[in-house]
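Summary of structural features
Here is what each chain is made of, one letter per residue.
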Amino acid sequence: MSKIIAISNQKGGVGKTTTAINMSACIAATGRKVLLVDLDPQGNATTGIGIDKSKLEKNIYDVLLLNEPVANVVLPTQVENLDVLPCNKDLVGAEIPMSGFAKREFVLKTALESVADRYDYVFIDCPPSLGLLTLNALTACDGVIIPIQSEFFALEGLSQLIYTIRLVTKHTNPDLKVKGVVMTMYDSRSILTRQVTAEIQKYFGTAVYSVPVPRNIKVTEAPSFGVPVSVHAPRSSGAVAYQRITKQFLAREEGN
């Protein structure tokens, strides 16, 4: 039975997709089977893992709106053990017809149940909003990982995400927990960065991973090559950070 993790933050530009891609890839590198679900209409996770969005015959829209089985839509990636449930602009506006569905918050959860035995982990890259797509992800998942940029506005909107998580816990997913917090774009030379990190640690405690992801050009470059940074530049500081974060994640999940 797969563990499902949503990567969510309604604030854009915080490294959400980068975290989804690289944690998925690092876990796949350990031999575990992983599915990366691109639930963001921008489709950046699809592109960032090397899939041409313009050539997709089917995508997650077909799963959510047309009842297409997930197994018919997933694609292999260049990373061994890592598949992707891709997305393109078809998903833009999907929340409107979905809002008329019975049990509309459970559509993704129901769809993923059909492949639960095929994967050890499923990572969902959520859109930068708290709409119906994100609610589907939070309802479907076992836990959420929150990437937070190490900057002044890091806490802006975070209270709304926490409020939404509490609502989901109350109404649709009582087992939902914050599994971890990833500090991204970290600049150790900045006093402000250290102050923001301290505030985040006060709020989330031990949920904050001890390794921040530094500002690193290789992390930024990797999506243009359609591979995770662990493939593009495995010895870079960004790649090493995600490898260490993944090790912490697996230790928490599996007690290793």
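The structure under discussion appears in the preceding block.
The structure contained in this document is the topic of the report that follows. Keep in mind that this is a model prediction, so the values were computed, not measured. (Residues numbered from 1 in each chain as written. Predicted model: local features only at pLDDT ≥ 70, side-chain atom pairs only at ≥ 80, totals over all residues. Heavy atoms only, no water.)

Another point: the pairing of strand β6 (residues 143-149). Buried residues dominate β6, accounting for seven of its seven residues. Of the two faces of β6, the one holding Gly143, Ile145, Pro147 and Gln149 and the one holding Val144, Ile146 and Ile148 are both buried throughout. Direction of pairing for strand β1 (residues 3-7) relative to β6: parallel, over a ladder of three bridges. Looking at β6, one finds that Ile5 is bridged to Gly143. Bridge count for β6 against strand β7 (residues 177-184) is seven bridges, and the pairing is parallel. By the bridge assignment, Gln149 is partnered in β7 with Thr184. On the question of chirality, the crossover connecting β6 to the parallel β7 by way of helix α7 (residues 158-171) is right-handed. (Buried < 20%, exposed > 50% of the residue type's maximum accessible area, 1.4 Å probe, protein only. Helix = DSSP H or I, 4+ residues; strand = E, 2+ residues; numbered from the N terminus. Pairing = 2+ DSSP bridges. Right-handed = clockwise from strand over helix to strand, strands pointing away.)

Residue position: Glu68 is located in the loop between α3 (60-66) and β3 (75-76). One polar contact links Glu68 to Lys58, side chain to side chain, over a distance of 3.0 Å. Residues contacting Glu68, with those up to four places away along its chain left out, are Lys58, Asp62, Val63 and Val73. (Polar contact = N/O pair within 3.5 Å; in protein donor to acceptor, adjacent residues only side chain to side chain. Contact = heavy atoms within 4.5 Å.)

Time to look at the pairing of strand β2 (residues 34-38). Within β2, five of the five residues are buried, leaving the element largely enclosed by the surrounding structure. Residues Val34, Leu36 and Asp38 line one face of β2 and the alternating positions Leu35 and Val37 line the opposite face, and both faces are buried. Bridge count for β2 against strand β4 (residues 82-85) is four bridges, and the pairing is parallel. Paired with Leu36 across the strands is Val84, a residue of β4. Pairing of β2 with strand β5 (residues 121-125), which is carried by five bridges, proceeds in the parallel orientation. Among the inter-strand pairings, Val37 is bridged to a residue of β5, identified as Ile124.

This part is about helix α11 (residues 237-254). The terminal C-alpha atoms of α11, which comprises 18 residues, lie 26 Å apart, in line with the 26 Å expected from a rise of 1.5 Å per residue. All buried positions along α11 are accounted for by Gly238, Ala239, Ala241, Tyr242, Ile245, Thr246, Gln248, Phe249, Leu250 and Glu253. Count one or two residues on from α11 and you reach Gly255, which has phi positive near 70°. (Expected span 1.5 Å × (residues − 1).)

For soluble globular proteins, the rule of thumb is that nonpolar side chains tend to be buried together. By size, the foremost hydrophobic cluster in this structure holds 49 residues, and its most contacted members are Leu64, Ile124 and Phe204. If sequence neighbours within four positions are ignored, Leu64 has contacts with Leu39, Leu91, Met98, Phe101, Val107, Leu108 and Leu133. (Core = buried A, V, L, I, M, F, W, Y, C linked by side-chain atoms within 4.5 Å.)

Once that is clear, we can look at the packing of aromatic side chains. Within the structure shown, the criterion is met by four aromatic pairs. A ring pair is formed by Tyr121 and Phe123, whose centres lie 6.5 Å apart and whose planes are at 35°; its orientation type is tilted. On the basis of relative accessibility, which here comes to 2%, the residue Tyr121 falls in the buried class. Judged by its relative accessible area of 0%, Phe123 is buried. By way of ring pairs, the aromatic residues Tyr121, Phe123 and Phe249 are connected into one cluster. (Phe/Tyr/Trp six-rings, centres within 6.5 Å; stacked < 30°, edge-to-face > 60°.)

Remark: helix α1 (residues 16-28) packs on α11, axes separated minimally by 9 Å, with the N-to-C direction vectors making an angle of 70°. Relative to α11, the element α1 is oriented roughly perpendicular. As for the relative orientation of α1 and α11, their crossing is right-handed in sense. Residue-level inspection shows Thr18, Thr19, Asn22, Met23, Cys26 and Ile27 of α1 in contact with α11, the latter providing Tyr242, Gln243, Ile245, Thr246, Phe249 and Leu250. Its residues assigned to classes, the contact of α1 with α11 shows seven nonpolar, five polar and no charged. (Axes fitted to C-alpha atoms, helices over the stretch in contact; angles between N-to-C directions. Parallel < 35°, antiparallel > 145°, perpendicular 65-115°, else oblique. Left-handed = near helix turned anticlockwise from the far one by under 90°. Nonpolar A, V, L, I, M, F, W, Y, C, P; charged D, E, K, R; others polar.)

Here Gly255 shows up in the segment after α11. On the accessibility criterion, Gly255 (63% relative accessible area) is exposed. Spatially, the C-alpha atoms of Gly255 and Val227 are 29 Å apart, while their sequence positions differ by 28 residues.

A few words now on α1. Between its terminal C-alpha atoms α1 stretches 18 Å, which fits the 18 Å expected from 13 residues at 1.5 Å a residue. Across the 13 residues of α1, 12 count as buried, placing the element largely inside the fold.

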